[in-house]
Structures are given as structure tokens and as C-alpha cells.
Amino acid sequence: MPYKRLTLSHNLLEEQRRLGRSGTFTSLMTDIITACKMVSREVNRGALVGNLGLAGAENVQGEEQKKLDVLANDIFLHMNSLGGNYAAMASEELEDVFAVTGQASGRYLLLFDPLDGSSNIDINVSVGSIFSILRLPEGANPNDADTFLQPGTQQVAAGYALYGPSTMLVLTTGDGVHGYTLDRGVGMFFLTHPDMTIPADTKEFAVNASRQRFWEPPVKRYVDECLAGKEGPRGVNFNMRWVASMVAEVHRILVRGGVFLYPMDSENAKSGGKLRLMYEANPMAFIVEQAGGLASTGKGRIMEMKPKGLHQRVPVILGSKNEVERIVDYHKG
Ligand code: AHG
Ligand code: MN
Ligand code: MN
């Protein structure tokens with residue numbers, strides 16, 4: 001009987017009671033969950049309702065927006081404005097802070113990548129949404145971008161929704177990582193993956209190998225050693241995956257281990273890397289560390305970086321603990 005499982009809403013209520021919380025956190029999570037369900041529906045309906053293809057505009061990062069990037073962004077902004085829980089929001093798709101008007105009481109800040117992996121939309125491969133929740137510091141102006149520039153260690157919660165063969169929501173509030181699967185008929189997320197943990201060792205890596213000619217020596221050395229397999233210094237055969245959707249890569253790593261690299265290279269060095277610190281790297285780093293893995297730039301812990309801008313880019317190396325430690329060691333050489 002599948003419905004004997006715990007639902008996400010009940011799990012949040014149980015946590016609220018256990019920690020003596022006011023209910024604000026449960027309410028703000030409910031809004032995010034609803035937003036993810038709506039985005040899931042739009043991703044799923046795809047071409048049937050004209051949701052695929054380009055929107056015809058560029059975002060702040062100079063990337064072409066897909067229709068679903070814009071739609072998912074609008075859904076997130078709207079749904080998370082309703083409850084009065086957020087003082088302000090920031091999104092990959094918006095240059096500046098989004099001020100939440102008419103709901104003056106919000107004590108939290110929401111950062112999100114409304115649709116991650118958007119190059120996969122038109123080919124019907126997994127995409128996702130990523131979010132990070134911070135507190136509004138006492139006396140701070142929520143509409144000032146500097147208010148958002150808190151290190152990842154300050155996150156209250158982080159999560160992602162994966163729109164794959166199943167829609168899943170994976171969440172941490174700093175007490176482990178739990179995964180929920182959406183039952184579309186009921187419209188609810190059920191707990192299917194309690195206490196997700198990343199094995200410390202792995203034989204699987206993920207990197208965009210078309211960038212090999214730009215890599216720095218530590219990354220080149222690591223990948224070369226993996227590729228050398230049984231006959232090489234590692235003495236085992238490695239497997240490789242690249243979905244080009246960070247949500248899908250992190251999810252695979254949470255389920256069966258692995259290491260993911262989007263490193264700094266000679267071509268992206270001027271921007272600091274490819275992935276964005278505030279709404280991609282930090283929330284994923286929080287989840288990965290809560291599941292027993294590590295998340296590093298190669299030179300330091302991602303969550304300890306002092307952010308310099310809402311759309312700052314950083315190198316990302318995350319996943320199975322022993323592999324990330326090895327890559328960090330190679331950077332010391
Ligand atoms: P987004 O679709 O939000 O812009 O993010 C895409 C990111 C990330 O999900 C993925 O790991 C990476 O970009 C893919 O980059 P390549 O196209 O260089 O493989
Ligand atoms: Mn993204
Ligand atoms: Mn995106």
C-alpha cells in the first residue's frame with residue numbers, strides 16, 4: 001500500500017512540533033513545494049501546450065532563455081510571494097533582487113535556479129529546480145543584494161526538484177537529506193528516500209570532457225588517471241556520465257555515489273567558473289555535505305566562500321568524500 005508512506009507535508013509538521021517551530025518554516029516550504037509541482041506539470045505537458053523552445057530573450061548572464069525558464073521563474077516568484085514568508089527573492093533569471101510587496105512580515109530570503117539544465121528541455125531529458133533559504137538578518141534591507149551575500153554555511157534549508165521519469169523533491173534542513181516522490185494522481189510528495197547518504201568511494205565521474213583542452217593540471221591528472229582504468233595508477237576501471245543538468249548529476253551521486261566536476265579552466269577563469277554560487281553551488285553543497293559527501297572549489301570548501309555577487313560563478317567539485325579529497329590534494333601539488 002504505497003499511501004502508508006509519510007508525506008512531505010506531514011514530515012514538515014512533525015519536525016515543526018519536534019523543534020517547537022512557529023510554523024513559518026512549514027508554510028514557506030509548502031509554497032516552494034507547490035511551485036515545484038506547478039513547474040513539474042508544465043515541464044511534463046511540454047510540447048502539448050507549446051512550452052518548448054526559446055522565449056526570445058536573454059537573461060542577465062547573456063544566456064538565451066527558454067520558455068520554461070521564464071515560466072518556471074514566474075511560478076516561483078508568484079507562489080513564494082503569496083504566503084508572506086519571504087522578505088525578498090533572487091533568481092538566476094533576474095538581474096536584481098525581487099522585492100516582495102504587500103507582505104511586510106517576511107523573515108526569510110529565497111534564492112533559486114527555477115529551471116536547471118535547460119539545454120535538456122527540448123530533447124525531453126531531466127531538468128530540475130534548485131533553491132536555497134537564508135534568514136533575513138535583523139535590521140538588514142531585504143531589497144539590497146548585499147543582504148543575500150551570506151556564506152553557504154548560513155543556509156537554513158536547501159533542496160531541489162528533479163523533473164525526470166518521476167518528479168522528486170530532495171531536501172535538507174541541516175538534519176540529513178530526505179527524498180520524496182510525487183504521486184501525480186494524489187498531488188502529494190511521499191517519502192521514498194529517507195536518509196540519503198553518498199558512499200565515500202566511487203568509480204564514476206561526471207565532467208564535460210569537451211573542455212579538456214582548457215583544464216588545469218590537477219583536473220587533467222585526475223581524469224587521466226580515471227580513464228587509465230585498471231592498468232593505470234588507480235587500478236580500477238571508472239565509468240563516466242554527463243547529463244548537463246546539475247540536478248540530475250547530484251541526484252545520481254546521492255543515490256549511487258560519484259564525483260561531479262565543473263572546474264575552473266582557462267576559458268571560464270575570467271568569470272570564476274561556470275556554475276553560480278548562490279543558487280547552484282551553495283544549495284547543492286549543503287545537500288551533498290548533509291549526505292556525507294564533500295563540495296569544494298578545488299582549493300576550499302564551497303560553503304565557506306564569502307559571496308561577492310548574486311550571480312557570482314565558482315568552480316564546483318562535489319560528491320563522494322574520498323574522491324573529492326583526492327582532487328583537492330592534487331590541487332595542492
Ligand atoms: P542552467 O540550465 O540553469 O543555466 O544550468 C546549466 C548548468 C548545469 O546544470 C550543468 O551542469 C551545466 O550548466 C552544463 O554545462 P555544459 O553545457 O557546459 O555541459
Ligand atoms: Mn542551473
Ligand atoms: Mn537555470
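Residues numbered from 1 in each chain as written. Chains lettered and ligands numbered in written order. Predicted model: local features only at pLDDT ≥ 70, side-chain atom pairs only at ≥ 80, totals over all residues. Heavy atoms only, no water.

### Details of the coordination of the manganese ion (ligand 3)
Then, number 1: Taken together, the protein donors to the manganese ion (ligand 3) comprise Glu 92 (OE), Asp 113 (OD) and Leu 115 (O), at separations of 2.1 to 2.2 Å.
Then, number 2: The sequence motif formed by the donor residues of the manganese ion (ligand 3) is E-x20-D-x1-L.
Then, number 3: In this structure, the manganese ion (ligand 3) lies 3.7 Å away from the manganese ion (ligand 2), the two metals sharing Asp 113 as a donor. Here Glu 92 is found in the loop between β3 (86-91) and β4 (98-99), whereas its partner Asp 113 is found in strand β5 (residues 108-116), with 21 residues between them in sequence.
Then, number 4: Judged by its relative accessible area of 5%, Glu 92 is buried. (Donors = N, O, S within 2.8 Å, 3.2 Å for Na, K, Ca; no water. Helix = DSSP H or I, 4+ residues; strand = E, 2+ residues; numbered from the N terminus. Buried < 20%, exposed > 50% of the residue type's maximum accessible area, 1.4 Å probe, protein only.)

### What to know about the nonpolar core
Then, number 1: The biggest cluster of nonpolar side chains holds 43 residues, and the ones touching the most others in it are Tyr 160, Met 246, Leu 254, Phe 260, Met 284, Val 316 and Leu 318.
Then, number 2: Broken down by secondary-structure element, the contributors of at least two residues to this core are β3, β5, β6 (127-135), β7 (157-163), α6 (246-256), β13 (259-262), α7 (277-290) and β17 (316-319).
Then, number 3: The element best represented in this core is α7, accounting for nine residues.
Then, number 4: Counting residues domain by domain, this core receives three or more from each of domain 1 (2-193) and domain 2 (204-332).
Then, number 5: Ignoring anything within four residues of it in the chain, the contact list for Met 246 reads Asp 116, Ile 130, Phe 260, Leu 275, Glu 280, Met 284, Val 316 and Leu 318.
Then, number 6: Within the second largest apolar cluster, 38 residues are counted, among which are Ala 35, Cys 36, Leu 77 and Tyr 108. (Core = buried A, V, L, I, M, F, W, Y, C linked by side-chain atoms within 4.5 Å. Domains from an automatic or database assignment. Contact = heavy atoms within 4.5 Å.)

### A closer look at the sheet that holds β5
Then, number 1: Pairing is mixed in the open sheet, where eight strands are placed in the order β4-β3-β5-β6-β7-β8-β9-β10. On the outer flanks of this sheet lie β4 and β10 (188-193), each paired with one strand and no other.
Then, number 2: Strand direction decides the pairing type here: β3 and β4, joined by two bridges, are antiparallel. Its bridge partner being in β4, Met 89 is matched across the sheet by Phe 98.
Then, number 3: Taken strand by strand, α6 contacts β5, β6, β7 and β8 (167-172), and its axis lies near 105° from that of β7. (Pairing = 2+ DSSP bridges. Axes fitted to C-alpha atoms, helices over the stretch in contact; angles between N-to-C directions.)

### Re the pairing of β5
Then, number 1: Most of β5 sits out of view: nine of its nine residues are buried.
Then, number 2: Bridge count for β3 against β5 is five bridges, and the pairing is parallel. Along β5, the bridge assignment pairs Ser 91 with Phe 112.
Then, number 3: For β5 and β6, the ladder comprises seven bridges, and the chain directions are antiparallel. When the sheet's bridge partners are listed, Leu 111 is paired in β6 with Ser 132.

### Let's talk about the packing of helix α2 (residues 24-45) against helix α3 (residues 67-82)
Then, number 1: Direction vectors running N to C along α2 and α3 enclose 155°, while the axes themselves pass 9 Å from each other. By the angle between their directions, the pair α2 and α3 is classed as roughly antiparallel. Like other packed secondary-structure pairs, α2 and α3 cross with a definite hand, here right-handed. Residues Leu 28, Asp 31, Ile 32, Thr 34, Ala 35, Cys 36, Met 38, Val 39, Glu 42 and Val 43 of α2 pack against Leu 68, Leu 71, Ala 72, Ile 75, Phe 76, Met 79 and Asn 80 of α3.
Then, number 2: Tallied by class, residues from the contact of α2 with α3 come to 13 nonpolar, two polar and two charged. (Parallel < 35°, antiparallel > 145°, perpendicular 65-115°, else oblique. Left-handed = near helix turned anticlockwise from the far one by under 90°. Nonpolar A, V, L, I, M, F, W, Y, C, P; charged D, E, K, R; others polar.)

### Thoughts on the coordination of the manganese ion (ligand 2)
Then, number 1: At 1.9 to 2.2 Å from the manganese ion (ligand 2) lie its protein donor atoms, namely Asp 113 (OD), Asp 116 (OD) and Glu 280 (OE).
Then, number 2: Written as a sequence motif, the donor residues of the manganese ion (ligand 2) are D-x2-D-x163-E.
Then, number 3: Taking the relative accessible area as the measure of exposure, Glu 280 reaches 1% and is therefore buried.

### With respect to the pattern of salt bridges
Then, number 1: Following the criterion strictly, the structure yields 19 salt bridges and no others.
Then, number 2: Three or more residues joined by partner-sharing salt bridges are found here, namely Glu 63, Glu 92, Arg 276, Glu 280 and Arg 313. (Salt bridge = Lys/Arg side-chain N within 4 Å of Asp/Glu carboxyl O.)

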